[in-house]
Amino acid sequence: MSGPEFEGTDGVDPDLVSEGDDRGGSREGDGNADGPSPDGGHSPGPSTHTVRLELVDEPGQLLAALQPIANNGGNLLSIYHERGNKTPRGRIPVEVDFEATEERFDGIVEALREAGVNVMQAGTEEYAEELTIVVFGHLIDTDLSDTLRRIEGCASASVADVSLAAPQGTEDVSSARLRVEARAGETTDALAAVRSIAEEKGLRVVEPLTGVEA
Amino acid sequence: MKLAVVGAGAVGRSVVELAGEYGHEVVAVADSQSAIVEPEGVDAEAVLTRKAEIGVVGDDDPDDALAADYDVLVEATPTTLGDAEPGFTHLKAALERDRHVVLANKGPVAERFGDVRALEADSAGDVRFEATVGGAIPAISTVEDVEPGHVTAIRGVLNGTANFILTRMAAEGLDYDHVLAEAQDLGVAEADPSFDVEGTDAALKCVILSNVLSFGAADDLESAREFTLADAEVAGIRDIPGSALRLAAEDGRTVRLIGEATGETVRVAPRLIPENGTLAVNGTQNIVQIETTHAGRLNISGRGAGGPETASAVLGDVGRLE
């Protein structure tokens, strides 16, 4: 009784989330500039970084892009390859998560650029909080791609992953699970944005109960 | 204590049946059509048999029960919205005679909390209402013990019918309509399940908890914010597709109808929670989670409905009035 079901992002427009290079990686309000921690003393341990890359659709490009990360002390965690999705320049967006210390991170970004890889976005704190949301209703009739694009269009959120279940076919009620990444402290805004887009399209949202899971 | 029990539904009948076990005496019982008043105490078994067989509790008029010589009025008529009548009038009559009131009916404390507190302030009688939230679960007395000013939020699963439906849908991969029909067969859901599945019942409980927090933390009655159902943001579980629960399960989560009360906001909605988390109680179970400033998080789960369970909360309140 299971119908079509697929995973992956659908219609996520990467150029909507590429404005991030000027954020400088510092959290608002903590007065911390980039670079080494001002209290000095010890070097901080590795933290998780995400870079968003733009690759030419040719064999070997992904490997070529990963090598500068591995060769410069980055520990690869996950690679999200949005095949089938093109940037406005006709290239393929790839999101790579890896662990590295702060000093090594700067070296990695530099090495990527030297290797000719376009780094669209690099930072540890661009999307620091993750939310899982389930949306249901006439998702396909109301243009799921458009729904996702509009969530992406909200400054505080990025859709990292989508799973769709449409057991009754595309014309009936279906459900989607979205993994939404939100900037630190902006999960409420991200949820409000999802809620208002859903309301407009007559979709229902099952929001996560946040701040309770600890 | 001498009890007058008004309302002869599952809860009222269980109070009549169990009062003796808790050391109390029922001197009057009323349903919507009839009443029995016995200053020496009613014969519980005879009253319940009569109710079961011919649908009335006695030969007296319902007003006679309200006029009887009791210490505590147990108000167990069905919850009504808006003016909360006739429950509110019953409560008022008792307080004006300086008698205590124990509510199982949510209406007066969900829709007219300020009026109830004002009447109580002018009376030698007190009003208690543990049974209105979470059945057997001592939610309100726990909040009182911790002190409302030291509670930052209360959340939980407060409707057994909705929880049963969501649990079965997730466990069996069945659709809403199928599970609802099953719940109706089992007597877990009413023929008209709207009150439960649309979130109204859970919202009323959260409104009551918000009133407890708000009035409990305020310096005086005038400065407390009063909540009614109109202040609650409510979404129910009707029409949730099985596919939504399946997608949640694939990610280690499940969906529960969660109510939240903070003393500032009231919200009821289906929410994603960890499948094995504390709040993911199963079947008709309820859970109340209380966030406190100094005592951390308290969780109390148990049976949120049922005649004897709710009657135990009523009789616990009666005990606190002694």
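Parameters and conventions
Residues numbered from 1 in each chain as written. Chains lettered and ligands numbered in written order. Predicted model: local features only at pLDDT ≥ 70, side-chain atom pairs only at ≥ 80, totals over all residues. Heavy atoms only, no water. Pairing = 2+ DSSP bridges. Helix = DSSP H or I, 4+ residues; strand = E, 2+ residues; numbered from the N terminus. Contact = heavy atoms within 4.5 Å. Buried area = accessible area lost by both parts, 1.4 Å probe. Salt bridge = Lys/Arg side-chain N within 4 Å of Asp/Glu carboxyl O. Polar contact = N/O pair within 3.5 Å; in protein donor to acceptor, adjacent residues only side chain to side chain. Nonpolar A, V, L, I, M, F, W, Y, C, P; charged D, E, K, R; others polar. Buried < 20%, exposed > 50% of the residue type's maximum accessible area, 1.4 Å probe, protein only. Arc of directions from axis to C-beta. Axes fitted to C-alpha atoms, helices over the stretch in contact; angles between N-to-C directions. Parallel < 35°, antiparallel > 145°, perpendicular 65-115°, else oblique. Left-handed = near helix turned anticlockwise from the far one by under 90°. pLDDT = per-residue confidence, 0-100. Core = buried A, V, L, I, M, F, W, Y, C linked by side-chain atoms within 4.5 Å. Patch = residues over 30% accessible without salt bridge, like charges linked within 9 Å, V, L, I, M, F, W, Y side chains within 5 Å. Areas by Shrake-Rupley, 256 points an atom, 1.4 Å probe, with all protein chains shown as cover. Lys, Arg positive; Asp, Glu negative; His and termini not counted. Charge placed at Lys NZ, Arg CZ, Asp CG, Glu CD.

S.K.: Help me understand the sheet that holds strand β5 (residues 100-103) of chain B, please; the structure alone is not making it clear to me.
M.R.: Hydrogen bonds between backbone groups are what pair the strands of a sheet, and the pairing can be parallel or antiparallel. Residues and elements named next belong to chain B. Strand order in the open sheet formed by 6 strands is β3-β2-β1-β4-β5-β6, and the pairing between neighbours is mixed. Of all strands in the sheet, those bounded by a partner on one side alone are β3 (35-37) and β6 (127-128). Both strand β2 (residues 25-30) and β3 contribute to a ladder of 3 bridges, which runs antiparallel. In the strand pairing of β3, Val 29 is matched with Ile 36.

S.K.: Help me out: how do you make sense of the interface of chain A and chain B in this one?
M.R.: A common way to state how big an interface is: give the accessible area lost once the parts meet. At the junction of the two partners, chain A supplies 27 residues and chain B supplies 29 residues. Across the interface of chain A and chain B, roughly 2,100 Å² is buried in total on both sides, 53% from carbon and sulfur atoms. For the pair chain A and chain B, the interface holds 2 salt bridges. Residues Glu 250 of chain B and Arg 177 of chain A are paired through a salt bridge, measuring 3.3 Å at the closest nitrogen-oxygen approach. Taken together, the links from chain A to chain B amount to 12 residue pairs in polar contact (both at pLDDT 80 or more). Counting only elements with at least two residues in the side of chain A that touches chain B, the list comes to β1 (5-7), β6 (129-137), β7 (157-165), β8 (174-182) and β9 (204-208) of chain A. The residue makeup of the side of chain A that touches chain B, split by class, is 13 nonpolar, 7 polar and 7 charged. Two elements, β9 of chain A and strand β10 (residues 266-274) of chain B, share 2 bridges in a ladder whose sense is parallel. Across the sheet, residue Pro 208 of chain A finds its bridge partner in β10 of chain B, namely Leu 272 of chain B.

S.K.: Looking at this structure, how should I read helix α9 (residues 176-186) of chain B?
M.R.: An α-helix turns once per 3.6 residues; consequently, residues spaced three or four apart project the same way. All names here are of chain B. Taken together, the buried positions of α9 are Tyr 176, Val 179, Leu 180 and Ala 183. Each buried residue of α9 sits inside an arc of 105° when the element is viewed along its axis, so together they form one side. Across from the buried face of α9, at angles greater than 90 degrees, the exposed residues are Asp 177 and Asp 185. In this structure, the buried side of α9 is in contact with α8 (160-172) and α10 (194-197).

S.K.: Explanation requested: the packing of α8 of chain B against α9 of chain B in the structure shown.
M.R.: All names here are of chain B. The interhelical angle for the contact between α8 and α9, taken along N-to-C directions, is 125°, at an axis separation of 9 Å. With respect to α9, the axis of α8 lies oblique. When the axes of α8 and α9 are compared, the crossing they make is right-handed. Contact residues: Phe 164, Ile 165, Arg 168 and Met 169 in α8; Tyr 176, Val 179, Leu 180, Glu 182, Ala 183 and Leu 186 in α9. A class-by-class count of the residues in the contact of α8 with α9 yields 8 nonpolar, no polar and 2 charged.

S.K.: Help me understand the confidence of the model for chain A in this model?
M.R.: For residues with low pLDDT, the predicted coordinates do not support detailed interpretation. Residues and elements named next belong to chain A. Averaged over chain A, the pLDDT score is 74; the fraction of residues at 70 or greater is 70%. Ranking the elements of chain A by mean pLDDT puts β1 last, at 42, and β9 first, at 95. Here residues 1-41 scores under 50 on pLDDT; set against residues more than four positions off or in separate chains, the count is 77 contacts.

S.K.: What should I look at first to understand the packing of helix α1 (residues 10-18) of chain B against helix α2 (residues 44-54) of chain B in this one?
M.R.: The relative placement of two packed helices comes down to the angle between their axes together with the axis-to-axis distance. All names here are of chain B. Remark: α1 packs on α2, axes separated minimally by 9 Å, with the N-to-C direction vectors making an angle of 155°. Between α1 and α2, the angle is such that the two are roughly antiparallel. Two packed elements cross with a definite hand, and for α1 against α2 that hand is left-handed. Residues Arg 13, Val 16 and Glu 17 of α1 pack against Ala 44, Leu 48 and Lys 51 of α2. Here the residues of the contact of α1 with α2 are counted per class, giving 3 nonpolar, no polar and 3 charged.

S.K.: In this structure, what is going on with the environment of Gly 125 of chain B? I would like to understand it.
M.R.: All names here are of chain B. Note on placement: Gly 125 falls in the loop between α6 (113-121) and β6. With relative accessibility at 0%, the residue Gly 125 sits in the buried group. A C-alpha to C-alpha distance of 7.9 Å links Gly 125 and Ala 94, two positions 31 residues apart in sequence. Setting aside its immediate chain neighbours within four residues, Gly 125 contacts Leu 95, Asp 98, Arg 99, His 100 and Glu 120.

S.K.: Help me out: how do you make sense of the side chain of Asp 201 of chain B in this one?
M.R.: Structurally, Asp 201 of chain B can be placed in helix α11 (residues 200-217). Ignoring sequence-local partners within four residues, the contact set of Asp 201 of chain B consists of Lys 106, Leu 158, Asn 159, Phe 195 and Asp 196 of chain B.

S.K.: What am I meant to see in helix α12 (residues 242-250) of chain B here?
M.R.: Every buried residue of α12 of chain B is listed here: Gly 242, Ser 243, Ala 244, Leu 245, Leu 247 and Ala 248 of chain B. Remark: Gly 252 of chain B follows α12 of chain B within two positions and exhibits a positive phi of approximately 75°.

S.K.: Just to check I follow, could you spell out the pattern of salt bridges for this structure?
M.R.: Residues and elements named next belong to chain A. All chains considered together, the criterion is met by 31 salt bridges over all chains. As a salt-bridge pair, Glu 95 and Arg 52 come within 2.4 Å of each other at their nearest N and O atoms. With Glu 95 in strand β4 (residues 92-100) and Arg 52 in strand β2 (residues 47-55), this pair connects stretches of sequence that are 43 residues apart. Taking the relative accessible area as the measure of exposure, Glu 95 reaches 14% and is therefore buried. Bridged by salt links that share partners, the residues Asp 146, Arg 150, Glu 200 and Lys 201 form one connected network.

S.K.: Mind showing me how you'd approach the nonpolar core here?
M.R.: All names here are of chain B. Grouped together as the largest cluster of nonpolar side chains are 76 residues, with contacts concentrated most on Leu 91, Phe 129, Ile 165, Ile 237 and Ile 240. When residues in this core are grouped by element, the largest group, 10 residues, is from α11. Those residues in contact with Phe 129 that sit more than four places away from it in its chain are Leu 103, Val 109, Phe 113, Arg 117, Ile 140, Ile 208, Val 212 and Asp 317. Among the nonpolar cores identified, the runner-up in size contains 26 residues, and Val 29, Val 47, Ala 311 and Val 314 belong to it.

S.K.: Got a minute to help me understand the side chain of Asn 211 of chain B in this structure?
M.R.: All names here are of chain B. Along the chain, Asn 211 falls in helix α11. Here Asn 211 falls in the buried class, since its relative accessible area comes to 0%. For Asn 211, the side chain forms a polar contact with the main-chain nitrogen of Phe 227, separated by 2.7 Å. Leaving out residues up to four positions away in the same chain, Asn 211 has contacts with Val 109, Ala 110, Phe 113, Gly 216, Arg 225, Glu 226 and Phe 227.

S.K.: Sorry, what's going on with a negative patch on the surface here?
M.R.: All names here are of chain B. A cluster of acidic residues, Glu 17, Glu 21, Glu 38, Glu 40, Asp 43 and Glu 45, forms a negative patch at the surface. Mapped onto the elements of the fold, Asp 43 is located in the loop between β3 and α2. When its relative accessible area of 48% is taken as the criterion, Asp 43 is described as partly exposed.

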